[in-house]
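An overview of the molecular structure
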Amino acid sequence: MSIYGRIFAAMYDRMLASTERDGLTAHRAALLAQASGDVLEIGGGTGANLRHYGDAVSSLTITEPEQPMVKRVQARIAA
């Protein structure tokens, strides 16, 4: 786990905050509201999509290759 990876993961949500406010959150919500059944999310990052999955999703599997991001998505899942 590189120091760069840890810093990037720690800053990721803050770096995207204005983009999220400017429409990315609405886009995520509209897109993921249509998800149903067994869902595989590849590259889950910090877990920004988690709150947008609806009741039609019966199971959700998230993959993330970067360990610092894994820690963040796991924290979001736990919360």
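Just above, that's the structure.
First things first, this report covers the structure right here in the doc. (Residues numbered from 1 in each chain as written. Predicted model: local features only at pLDDT ≥ 70, side-chain atom pairs only at ≥ 80, totals over all residues. Heavy atoms only, no water.)

Membership of the largest hydrophobic core is limited to 5 residues, which are Leu32, Ala35, Val39, Tyr53 and Val57. The contact partners of Ala35, leaving out residues within four places of it in the chain, are Tyr53, Ala56 and Val57. (Core = buried A, V, L, I, M, F, W, Y, C linked by side-chain atoms within 4.5 Å. Buried < 20%, exposed > 50% of the residue type's maximum accessible area, 1.4 Å probe, protein only. Contact = heavy atoms within 4.5 Å.)

It is worth spelling out helix H2 (residues 67-78) at this point. In this model H2 runs 16 Å from its N-terminal to its C-terminal C-alpha over 12 residues, within 8% of the 16 Å that 1.5 Å per residue would give. Each element contacted by the buried residues of H2 is listed here: helix H1 (3-32) and strand S2 (57-63). (Helix = DSSP H or I, 4+ residues; strand = E, 2+ residues; numbered from the N terminus. Expected span 1.5 Å × (residues − 1).)

Moving on to a nonpolar patch on the surface. Residues Ile3, Tyr4, Ile7, Phe8, Met11 and Met15 make up a contiguous nonpolar surface patch of about 610 Å² in total accessible area. Relative to the assigned elements, Ile7 resides in helix H1. (Patch = residues over 30% accessible without salt bridge, like charges linked within 9 Å, V, L, I, M, F, W, Y side chains within 5 Å. Areas by Shrake-Rupley, 256 points an atom, 1.4 Å probe, with all protein chains shown as cover. Salt bridge = Lys/Arg side-chain N within 4 Å of Asp/Glu carboxyl O.)

Moving on: the packing of aromatic side chains. Inspection of every chain in the model, using the stated rule, returns 2 aromatic pairs. Note on Tyr4 and Phe8: the rings are 6.0 Å apart at their centroids and 25° apart in plane angle, and the pair reads as stacked. Of the two residues, Tyr4 and Phe8 are both situated in helix H1; the distance of 4 residues between them amounts to about one turn of the helix. Here Phe8 falls in the partly exposed class, since its relative accessible area comes to 30%. Three or more aromatic residues joined by ring pairs form one cluster here, namely Tyr4, Phe8 and Tyr12. (Phe/Tyr/Trp six-rings, centres within 6.5 Å; stacked < 30°, edge-to-face > 60°.)

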